[in-house]
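Below are the chains, spelled out letter by letter.
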Amino acid sequence: MEILNLAWLIPLFPALAFVAIALFTYRSRALSHWVTISGIGLAFLAAQVVFWRAVTLPVKGGEHAFESAIAPWVIAGVERLGIGVYVDPASTIMLFMVPLVCMMIFIYSVGYMNFGTPEVDPRYSRFFCYLSLFAMGMLGMVVFNNLLAFFIFWEIMGTCSYLLIGFWYDKSYPDPDKITPKEAGLKAFIVTKIGDLFFMLGLALLYAQVGSLAYHDIFAPETLDQLAHTQFLGSTAATWIALLLFGGTVGKSAQFPLHVWLPDAMEGPTPVSALIHAATMVSAGVFLVVRTFPIFQVANASVLAVGGIPFVAFIGAFTAIFSSIMAIAQDDIKGVLAFSTISQLGYMVAALGIGAYVAGAFHLITHAFFKALLFLGSGSVIHGVEHGHHIIHEHAHGEHAAHGGADKHGRHEEQEGHSHEDVEGWFNPNDMKNMGGLAKRMPRTFWTFLIGGLALSGFPLFTAGFWSKDEILAQAFELSPAVFWTLGIAAGITAFYTMRQICLTFLGKPRTEAAEHAPESVSWMTVPLIILAIFAVSLGWAGIPEHFPVIGGIVPNWFHHFVGATIETAESGHAARVAGHFAETAHGFVWQPLVLSVVFALGGLGLGWLVYGRRPLVAGEMDPVEGAMRNVGLGWLYEAMANRFYFDELYQAVIVRPSIWLADMFDAFDYGKSGGHGVVDGAVMALGSIGKLMSEVSGWVDDKVVDGLVDLAGSAGVLLSNGFNGFDIKVIDGAVNGVGKAVKGGGKAVRPIQTGKLQDYLLLASFAVLALILTFFVILYLQI
Amino acid sequence: MVPLEWYLVLAAALFCVGTYGVLARRNAIAVLMSVELMLNAVNINLVAFWRHLEPGGATGQAFALFVYVVAAAEAAVGLALVIAIWRSQRTVVLEDINLLKG
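Thresholds, definitions, all that
Residues numbered from 1 in each chain as written. Chains lettered and ligands numbered in written order. Predicted model: local features only at pLDDT ≥ 70, side-chain atom pairs only at ≥ 80, totals over all residues. Helix = DSSP H or I, 4+ residues; strand = E, 2+ residues; numbered from the N terminus. Contact = placed C-beta atoms within 7 Å. Rg over C-alpha atoms; globule rule 2.2 N^0.38 Å. Buried ≥ 20, exposed ≤ 12 C-beta atoms within 10 Å, placed from the backbone. Nonpolar A, V, L, I, M, F, W, Y, C, P; charged D, E, K, R; others polar. Core = buried A, V, L, I, M, F, W, Y, C linked by C-beta atoms within 7 Å. Axes fitted to C-alpha atoms, helices over the stretch in contact; angles between N-to-C directions. Parallel < 35°, antiparallel > 145°, perpendicular 65-115°, else oblique. Left-handed = near helix turned anticlockwise from the far one by under 90°. pLDDT = per-residue confidence, 0-100. Expected span 1.5 Å × (residues − 1). Bend = angle between axes of the 7 residues up to and from the residue.

Draft legend 1. Focus on the overall build of chain A. The helix and strand inventory of chain A stands at 31 helices and six strands. Within chain A, contacts between residues separated by at least 24 positions form 79% of all contacts whose residues are at least 6 apart in sequence.

Draft legend 2. Inspection of the overall build of chain B at higher detail. When you go through chain B residue by residue, the secondary structure sums to three helices and zero strands. Here the C-alpha radius of gyration of chain B, 17 Å, is well above what a compact globule of 102 residues would show, namely 13 Å. The buried share of chain B, taken over its 102 residues, is 10%. Pairs at least 24 residues apart make up 48% of the contacts formed inside chain B by residues separated by at least 6 positions.

Draft legend 3. Spatial organisation of unusual backbone geometry. In this chain, Phe 256 of chain A is followed by Pro 257 of chain A through a cis amide linkage whose omega measures 5°. Counting through the fold element by element, Pro 257 of chain A comes out in the loop between helix H9 (237–252) and helix H10 (261–264). At Ala 254 of chain A, a residue that is not glycine, the phi angle is positive and equals roughly 55°. Looking at the secondary structure, you find Ala 254 of chain A in the loop between H9 and H10. One non-glycine residue, Arg 90 of chain B, lies in the positive phi region at around 60°. Residue position: Arg 90 of chain B is located in the segment after helix H3 (59–89).

Draft legend 4. Region of interest: the interface of chain A and chain B. In this complex, chain A contributes six residues to the contact, which on the side of chain B involves seven residues. Residue classes in the side of chain A that touches chain B are distributed as two nonpolar, three polar and one charged.

Draft legend 5. Broad picture of the nonpolar core. Counting residues in each nonpolar core, the largest one holds 222 residues, and the members touching the most others are Val 101, Leu 352, Phe 369, Ala 372, Leu 487 and Ala 536 of chain A. Those residues in contact with Ala 536 of chain A that sit more than four places away from it in its chain are Phe 369, Phe 370, Leu 373, Ile 451, Gly 452, Ala 455, Thr 463 and Ala 464 of chain A.

Draft legend 6. Highlighting the packing of helix H20 (residues 464–479) of chain A against helix H21 (residues 481–506) of chain A. Residue and element names in this part refer to chain A. Interhelical geometry of H20 versus H21 gives an angle of 150° and a closest axis separation of 7 Å. On the basis of the axis angle, H20 is roughly antiparallel to H21. Across from Lys 469, Ile 472, Leu 473, Ala 476 and Phe 477 in H20, the residues of H21 making contact are Pro 481, Val 483, Phe 484, Leu 487, Gly 488 and Ala 491.

Draft legend 7. The arrangement of the packing of helix H6 (residues 181–210) of chain A against H9 of chain A in detail. Residues and elements named next belong to chain A. The geometry of H6 relative to H9 is characterised by a closest axis approach of 7 Å and an angle of 155° between their N-to-C directions. As far as their axial angle goes, H9 and H6 are roughly antiparallel. When the axes of H6 and H9 are compared, the crossing they make is left-handed. Residues Val 191, Thr 192, Ile 194, Gly 195, Asp 196, Phe 198, Phe 199, Leu 201, Gly 202, Leu 205, Leu 206 and Gln 209 of H6 form the contact with H9, whose participating residues are Ala 237, Trp 240, Ile 241, Leu 244, Leu 245, Gly 247, Gly 248, Val 250, Gly 251 and Lys 252. Of the residues assigned to the contact of H6 with H9, the class counts are 13 nonpolar, seven polar and two charged.

Draft legend 8. Seen up close, the confidence of the model for chain A. Residue and element names in this part refer to chain A. Confidence in the prediction of chain A, expressed as mean pLDDT, is 81, and 85% of residues score 70 or more. Within chain A, the lowest mean pLDDT, 41, falls on helix H17 (residues 398–416), and the highest, 91, falls on helix H5 (residues 147–165). Throughout residues 399–424 the model reports pLDDT below 50, and contacts reaching past four residues in sequence, or to other chains, amount to 22 contacts. Predicted confidence is poor over residues 568–586, with pLDDT under 50, and the contacts of this stretch with residues over four places away or in other chains come to 33 contacts.

Draft legend 9. Quick peek at helix H14 (residues 311–328) of chain A. Under the 1.5 Å per step criterion, the end-to-end length of H14 of chain A is 26 Å for 18 residues, consistent within 8% with the ideal 26 Å. Extensive coverage of H14 of chain A is indicated by the burial of 16 of its 18 residues.

Draft legend 10. Fine view of the environment of Ile 10 of chain A. Residues and elements named next belong to chain A. By the element assignment, Ile 10 lies in helix H1 (residues 9–23). Sequence separation of Ile 10 and Val 50 is 40 residues, and the distance between their C-alpha atoms is 9.2 Å. Setting aside anything within four residues of it in sequence, one finds Ile 10 in contact with Ala 43, Ala 46, Ala 47, Val 50, Leu 95, Leu 139 and Val 143.

Draft legend 11. View of the environment of Ser 538 of chain A. All names here are of chain A. As for its placement among the helices and strands, Ser 538 is situated in helix H23 (residues 523–538). Among the residues examined, Ser 538 registers 12 C-beta atoms within 10 Å and is labelled exposed. Residues Ser 538 and Ala 464, 74 residues apart in the sequence, show an inter-C-alpha distance of 6.4 Å.

Draft legend 12. Main features of helix H30 (residues 679–750) of chain A. Residues and elements named next belong to chain A. Counted at 1.5 Å a residue, the expected span for H30 with its 72 residues is 106 Å, but the 87 Å between its end C-alpha atoms falls short. Of all the bends found along H30, the most pronounced is centred on Asp 728 and spans about 40°. Sparse coverage of H30 is indicated by the burial of zero of its 72 residues.

Draft legend 13. Looking closely at the environment of Phe 311 of chain A. Residue and element names in this part refer to chain A. By the secondary structure assignment, Phe 311 is in helix H14. Overall, Phe 311 belongs to the partly exposed group, with 19 C-beta atoms counted inside 10 Å. Each C-alpha atom, one on Phe 311 and one on Val 381, is 39 Å from the other, the two residues being 70 residues apart in sequence.

Draft legend 14. Region of interest: the confidence of the model for chain B. Of all residues in chain B, 99% attain a pLDDT of 70 or more, and the chain-wide mean is 91. Overall fold confidence for the complex sits at a pTM of 0.70, while the interface term, ipTM, reaches 0.79.

Spelled out as structure tokens, the structure:
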């Protein structure tokens, strides 16, 4: 049998792990993490089997997708939605990436959550339980064969994201303006839900048009042709469907204007940030576009195009540059990475928007590895600094703790999770200004972080990030110069802030005592870092363009052949234009974008080194960029960048406040302000008064008229019943009692017979028989 | 040949003795023995009628044999009950065995 039929097993293993932990093993921390790791491990093995099988599958008749139905699934009325697996190049590469990254992060989490130390997280098992559920959601989204299943798993991931961002839901900060994990979780959930609503509307429209959500039906050339030519609300159905589905992407992949949730999602534990908010879940939005790319191809791109740039590409490119600018001014080590994630997702979206399908998908995969690496590295740094702080803290409060303060302190630790709040003020272990000089203290973390950072910057030739980014830029150069320049500048800024981050964190002298005492993380954490670092470099070799000077062609451009096949064979009508154009450009080598991309990357890195590396920041000093901007009167701009261009405040003012105000108004309308009555409440109360009056009137009528009649009838009844009573007592009772007495007397008379002795009964029976015989003879005699 | 009436009178007498025993004796074993007497009275009747009225067939003898078998089984069960009662109640006097009486 075809082994790909078993692809549905892949999400099953993490699902089983989730159930097992939730129901059985949650009491044991070690068992819980082993169940989670073995669940994802089995999924990884199964995914590898599927991956290698799919890669070696011969391309038959232009069809590069493998599909298999498992069972009829939703049966509503006459509609039947089957469920099955669908393995095509896009899902195959995801199956390579997702379980591997998940597994690394799960292993890392064991160390990050302080397993085996007294500081172990009190909700340790629950954490792994959620992680398993998340892995199930991501893998399920990849393997199944219709958009409804895609949507369901997508929502499961959304829920996990909410649960895990708010994992330390009881954590609070002394600064009331700083968002707490609980609020961040809610924010992420609600903001992505806005995108999901569009996604769902898109699905509904698609279903109404096609009558099916299975990829097989949707991507059939006839269906696409029909969608492209059906008029719908002033444009074609395909355009509307693509736009609505893209709404889902905007929410999930944090594209402008729904990007606001992702930076705050960093309130979750760092492995979660790495897994969900950098490597996998946020790329689900991009994957949605990859998955439904044929629909995007046939959509009428000129609708909503901004300045000749397709809408999708515009959003992507704008997000890419916009968020990379904000990343420059972030002091939170995870904040920088969060904005860089948004920016890189913007890259992918922009690539897909201009039709560079393969480049977008390639960047999706490479980005997952190096961004997971960077996040885990930053987690390791935070963990180290936190422990450094803890060491000093213990030292300084030694005597205090000895005098009964230990109990309070211990409880406090448990409640606050990883936040350290003490009498002197709050220490922020995420702040890069509190770090510095960590390269010597944490060598493994430093080297792996450096590799990840270079990959993110697109350091030429050496890193995976270079190859994927270069491919996007090369495509953009051909297809849309405006997008090319935007992305190119964004790449330069990316390199700059990455260098800033590396310098601030690892170079120079430690700026706080905590950084001075930070220990290297345990092997649970550093080994996944090393493995991810290997992939962050080597993965690029799968996608080196064949026409690249010198080294092109040594390794075949496997990625392009494998993934690109989907598009080249799926040409139809309108799609042929984009795909054909795309195919032409992919095979000729153009040198300008390469040179420019190298210039951007190296320029950004070099500038970063000049500003931050040459003369490291010392404690208490102002950020050089901030200082320079203040000197030329642009301090306000830096403030705006650091405050995320006030988008949170804007949404707060434009959407959240009015919503609350509206709700208050409705509340006032209903119930009124304190003391008074609102309109609705007043109306209800007036109605109540009228009702009360009416009931009083009818009460009077009741009392006087109705009651009188009833009383009369009652008296008559009493009289009559008195008569009957006499009859009852004399006649009927007499009869009844008589019967009773007779029975009683009879019983008394025959009672002596029943002695309870068997022999007496037998004697009686014998006499009875004798009497019968006697009677018989008497009758016989009389008759004769 | 002894006339049929003599057998019948003997059987009736035996039956009456047995009945008297069942009705009057207080010892449970004696009651069981009396039951055997009654069964044997019936057997005498069966064999006598067979001999005088149907000497060709074997019905009467066969019935008599059935009665023996049933009597043996009944004696076995009855004695077992008597032993069980003796063990628990230490008596075989019928008047004293009144556990079911309210």
